[in-house]
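# Breakdown of the fold
This is what each chain is made of:
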Amino acid sequence: MVAANNHYDALVVGGGFGGIYMLKRLLDQKLRVKVIDAAGDVGGTWYWNRYPGAMSDTESYIYRYSWDKEDLLSYEWKEHYIKQPQALAYLGHVVDRHNLRPHMQFNTELLSAQYNEERNIWVIETSTNETFTCHYLVTALGLLSKQNWPDIPGRETFKGEMYHTGKWPKSHDFKGKKVGIIGNGSTGVQVITQIGKENEVERLVTFQRSPQYSVPSGDGPVSEDYRRKINDNYDEIWDQVRNSAVAFGFEESTVPCMSVSPEERRKKFQEAWDLGNGFRFMFWTFSDLTVDEAANEEACEFIRSKIRETVKDQEKARKLQPSEFYARRPLCDAGYYEQFNNQKVDIVSLKEEPIEAITEKGIKTTKQEYELDVLIFATGFDAVDGNYTRLKIRGRDGESLKDHWSEAGPESYLGVCVNNFPNMMMITGPNGPFTNIPPTLETHVEFISDTIARAEKNNPRNDGTVVKGAVIEPTLDAEKGWTDLCNKLSENSLFRKSPSWIFGANVPGKKYSSLFFFGGLKEYRRRLQEIIDGGYVGFKPF
Ligand code: NA7
C-alpha cells in the first residue's frame, strides 16, 4: 500500500529543460506534482554532459524559456552560445526563481512504471525503494540520455581512465597524458576542439569511423547593442521561431541551390560560413540541400574545400574529408579542423584500420597498438526511444512499451502519447518535431498541461489513492496515422539515407525507423491546433 503522501496528481520524470517547465505549469494549475530525477541536481542533459567544450549550438537568446519575459530581458548571457556550466546555472536559476526545488527529488531513478487500469493510476517504483502513485505520468527523459557504449572487445581490460561524454565526472586532469577519443559527432567535435585548444595533453588521437561536415559556430562575445536589439524585439523573435521549420532564429531559404549560378552559390555558402552555425549553413543557404543530391554535393564540396585549405598536413586533410551526404545533424565548431595543425593531435581512420580490440594499454587496430592513458567514448546515445525502452514501462494489460514498439518501431501520436498507455505523456517522445529543442519542449509542455487541464475540468475526481478521473489516450488509428505521416515526410530526405541516430542507425540491431516529424515546428503547431480545435481529434473522448 502506498503511503498517501506518495500519491501525486502528476509525476514528472526528469528535471531538465522540459521537466522544469512542466512542473511550473502543473503547479500553476494547482495540481500536486513531483519531479524525480536520477541526477544529483537539476539540469537533465546539461547535468550529465559536462565534458570539455560542451555547449549548445543554438544562439543563446533562443536557448532559453520564452515564458518568463522579465527574466528573458534581464538574465545575463555574454556570448553567442551558452556553455554547459552556463546552461546548468540558468536552469538552476529558473528553478530557484520560481521556487520549484521543494517539488523535486534527485538521486531517484525511475525503475518501473505500471498502469493500474482498475484505479486508473500509475504505480512507480524507484531506485530509492520508494513507490509513488500518480494519475498523470509525464516523461521528460530528453532525446539523448541513454549512452551508447560500442561493443568493442576488451573494453573492460583497459587499465587507464575511461569516460563516456554523456556521463562525465565533475573534474578531470589530462595534463601530460596520452588521450584517445572514439567518435566525432557533435560531441566528439566539441571535445576534440577543446582538448586540442587547451594543448595540455601529451598526445590526442582521434579514432574516426565516419568523417563529418562541420562549419564554424560563429561564437564570440555579444555587444551591448546586440543584446539591446534582441531585447527590443523578443516578441517578434519568438513569433518567428515558432513559425519557422527548425526554430533556430533564421528564415529558412526558399531558393533551390542549383537555380543560382556557381558564383552565387559559393557566395551564399561563404556568407553562412562567416556567420556561423550548422543549422544556418544547412537550412538558410538554400532550400533543398537535404533533399536534392546535386544541391547537397555543392555544400559538401564547399566544406571539403575548407578542410583542404585549413588542414596543412594533406594526409590528415584527406582523412577528415567526408564523401557521404551532408545529411546528418549539422555540426558546427570553434576551430575543429584547425586542431589538426597541432603536431600533438592525430587522426586514425577506422575505415582504413578498424579497431580489433581495446587492450590493457590502449587501442589495437589492424595496423598497430595506440598506447593511451585516457580513453574517451564520444559515441553518442541510443536516442529518443532508447530512453524509454530501457525502462520497465507497462500500460494496459501489462503490455510493455518495448513490446508495443518492437514491430513497427517507436510509434506515438504527436510524439506525446501512446495507445494503450493512458495518461502517460512524453515531452519530445518519438516522432516529435526535429528542431532547436527548447521551442519544441515548450510546445509539448503547453499542449500536455492544457490537455490535463481539460481532462481535469471534464472529469472531476477524488483526491487520495483511489481515483478514477480522466483517461487521456490516443486511438490506435491516430497513432498509426501519425507514424505514417512521419515516414512520408522523411521519404525524400537525404537524412533518411544517412546512417545516424536520427533514424536509429547508430545502434547495432536497432530498428531503422523514423524518430522525428520532419514537417517543421510551424506545421507541427498548426496540426496541434487543428486537433485541439476539432475537440482533440485522434483521442478517445475525455
Ligand atoms: P553521434 O552524433 O551519434 O556520434 C557518435 C560518434 O561515435 C560518431 O562519430 C560514430 O561514428 C562514433 N561511433 C559510434 N560507435 C562507434 C564504434 N563502434 N566505433 C567507432 N566509432 C563509433 O553522438 P554525439 O554524442 O556526437 O551527438 C549526439 C547528439 O547529442 C547531437 O546530435 C547533439 O544534438 C547532442 P559513425 O558516424 O557512426 O561512423
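Given the structure is predicted, the values throughout are model-derived calculations rather than measurements.

## Quick notes on the overall build of the protein
When helices and strands are tallied, the protein shows 16 helices and 20 strands. Rg of the C-alpha trace for the protein: 24 Å, near the compact-globule value of 24 Å for 542 residues, within the 12% margin. By principal-axis analysis of the C-alpha atoms, the protein measures approximately 70 × 55 × 45 Å. Looking at the protein as a whole, 59% of its 542 residues qualify as buried. Of the contacts made within the protein by residues no fewer than 6 positions apart, 72% connect residues no fewer than 24 positions apart. Taken as a whole, the protein presents about 22000 Å² of accessible surface, with 47% of it coming from carbon and sulfur. Computing the positive centroid from 67 side-chain charges and the negative centroid from 77, the protein places the two 2 Å apart.

## Here we look at the sheet that holds strand β13 (residues 355-358)
In space, the three strands of this open sheet follow the order β13-β14-β15, with antiparallel pairing throughout. Lying at the two open borders of the sheet, with one neighbouring strand each, are β13 and β15 (369-371). When the angles between neighbouring strand axes are averaged without regard to direction, this sheet yields 20°. Pairing geometry for β13 and strand β14 (residues 362-365), over three bridges, is antiparallel. Within β14, the position partnered with Ile358 by the bridge is Ile363.

## Points about the confidence of the model for the protein
The predicted model of the protein averages 95 in pLDDT, with 98% of residues at 70 or higher. For this predicted complex, the interface confidence comes out at an ipTM of 0.99, alongside a pTM of 0.95.

## Structural notes on the packing of helix α8 (residues 262-275) against helix α10 (residues 293-310)
One way to put it is that α8 packs onto α10 with a least axis distance of 11 Å and a crossing angle of 60°. Put simply, α8 runs oblique to α10. Two packed elements cross with a definite hand, and for α8 against α10 that hand is right-handed. Listed contacts from α10 to Arg265, Arg266, Phe269, Gln270 and Trp273 of α8 are Glu298, Ala299, Phe302, Ile303, Ser305, Lys306 and Glu309. Taken together, the residues that form the contact of α8 with α10 break down as five nonpolar, two polar and five charged.

## Remarks on the site of the ligand
Lining the immediate environment of the ligand, one finds 19 residues, of which Thr187, Arg209, Ser210, Arg328 and Arg329 sit closest. A distance of 3.1 Å is found between an oxygen atom of the ligand and a backbone nitrogen or oxygen belonging to Ser186. At a separation of 3.3 Å, an oxygen atom of the ligand approaches a polar backbone atom of Ala378. With the chains in place, 86% of the 780 Å² that the ligand exposes on its own is no longer accessible. Counting contributing residues, the shell around the ligand receives three or more from each of domain 1 (4-146 + 383-533) and domain 2 (155-377).

## Some points on the pairing of strand β12 (residues 345-349)
Counting buried positions along β12 yields four of five residues, so the element is predominantly enclosed. Where strand β9 (residues 203-208) meets β12, five bridges bridge the pair, whose relative direction is parallel. When the bridges of β12 are listed, Gln208 appears paired with Ser349.

## What about the sheet that holds strand β8 (residues 178-182)?
Sheet architecture is open: five strands sit in the order β7-β16-β8-β9-β12, paired in parallel fashion. Each having just a single partner strand, β7 (161-164) and β12 make up the two edges of the open sheet. Between one strand and the next, the sheet's axes are offset by a mean angle of 20°, whatever the strand orientation. As paired elements, β8 and strand β16 (residues 374-377) share four bridges and run parallel to each other. Note that in β16 the partner of Gly180 across the bridge is Leu375. Docked against the sheet, helix α5 (residues 186-198) engages β8, β9, β12 and β16, running at close to 165° with respect to β9.

## Things to note about the packing of aromatic side chains
Inspection of the entire model under this criterion finds 50 aromatic pairs. On the basis of an interplanar angle of 5° and a centroid distance of 4.9 Å, the ring pair of Tyr21 and Trp67 is categorised as stacked. You can see Tyr21 sitting in helix α1 (residues 17-28) and its partner Trp67 sitting in the loop between α2 (45-48) and α3 (69-74), a full 46 residues away along the chain. On the accessibility criterion, Trp67 (23% relative accessible area) is partly exposed. Residues Tyr536 and Phe539 carry aromatic rings whose centres are separated by 5.6 Å and whose planes lie at 70° to one another, so their mutual orientation is edge-to-face. Overall, the relative accessible area of 5% leaves Tyr536 in the buried class. Overall, Phe539 belongs to the buried group, its relative accessible area being 8%. These aromatic residues form a ring-pair network of at least three members: Phe248, Phe279, Phe283, Phe434, Phe495, Trp501, Phe503, Tyr512, Phe516 and Phe518.

## Observations regarding the pattern of salt bridges
A complete count under the given rule lists 37 salt bridges for this structure. Residues Lys364 and Glu356 are paired through a salt bridge, measuring 3.0 Å at the closest nitrogen-oxygen approach. Taken together, the shared-partner salt bridges connect Asp68, Glu70, Asp71 and Arg97 into one network.

## Quick look at the nonpolar core
Among the nonpolar cores identified, the biggest contains 60 residues, and Phe174, Phe281, Ile303, Tyr326 and Ile376 are the most heavily contacted of them. Considering each element in turn, this core owes the most residues, six residues, to α10. Both of domain 1 (4-146 + 383-533) and domain 2 (155-377) provide at least three residues apiece to this core. Sequence-distant contacts of Ile376, defined by excluding residues within four places in its chain, comprise Tyr163, Thr165, Trp168, Phe174, Val179, Gly180, Ile181, Ile182, Val191 and Ile195.

About the cut-offs
- Residues numbered from 1 in each chain as written.
- Predicted model: local features only at pLDDT ≥ 70, side-chain atom pairs only at ≥ 80, totals over all residues.
- Heavy atoms only, no water.
- Helix = DSSP H or I, 4+ residues; strand = E, 2+ residues; numbered from the N terminus.
- Rg over C-alpha atoms; globule rule 2.2 N^0.38 Å.
- Buried < 20%, exposed > 50% of the residue type's maximum accessible area, 1.4 Å probe, protein only.
- Contact = heavy atoms within 4.5 Å.
- Areas by Shrake-Rupley, 256 points an atom, 1.4 Å probe, with all protein chains shown as cover.
- Lys, Arg positive; Asp, Glu negative; His and termini not counted.
- Charge placed at Lys NZ, Arg CZ, Asp CG, Glu CD.
- Pairing = 2+ DSSP bridges.
- Axes fitted to C-alpha atoms, helices over the stretch in contact; angles between N-to-C directions.
- pLDDT = per-residue confidence, 0-100.
- Parallel < 35°, antiparallel > 145°, perpendicular 65-115°, else oblique.
- Left-handed = near helix turned anticlockwise from the far one by under 90°.
- Nonpolar A, V, L, I, M, F, W, Y, C, P; charged D, E, K, R; others polar.
- Near = heavy atom within 4 Å.
- Polar contact = N/O pair within 3.5 Å; in protein donor to acceptor, adjacent residues only side chain to side chain.
- Domains from an automatic or database assignment.
- Phe/Tyr/Trp six-rings, centres within 6.5 Å; stacked < 30°, edge-to-face > 60°.
- Salt bridge = Lys/Arg side-chain N within 4 Å of Asp/Glu carboxyl O.
- Core = buried A, V, L, I, M, F, W, Y, C linked by side-chain atoms within 4.5 Å.

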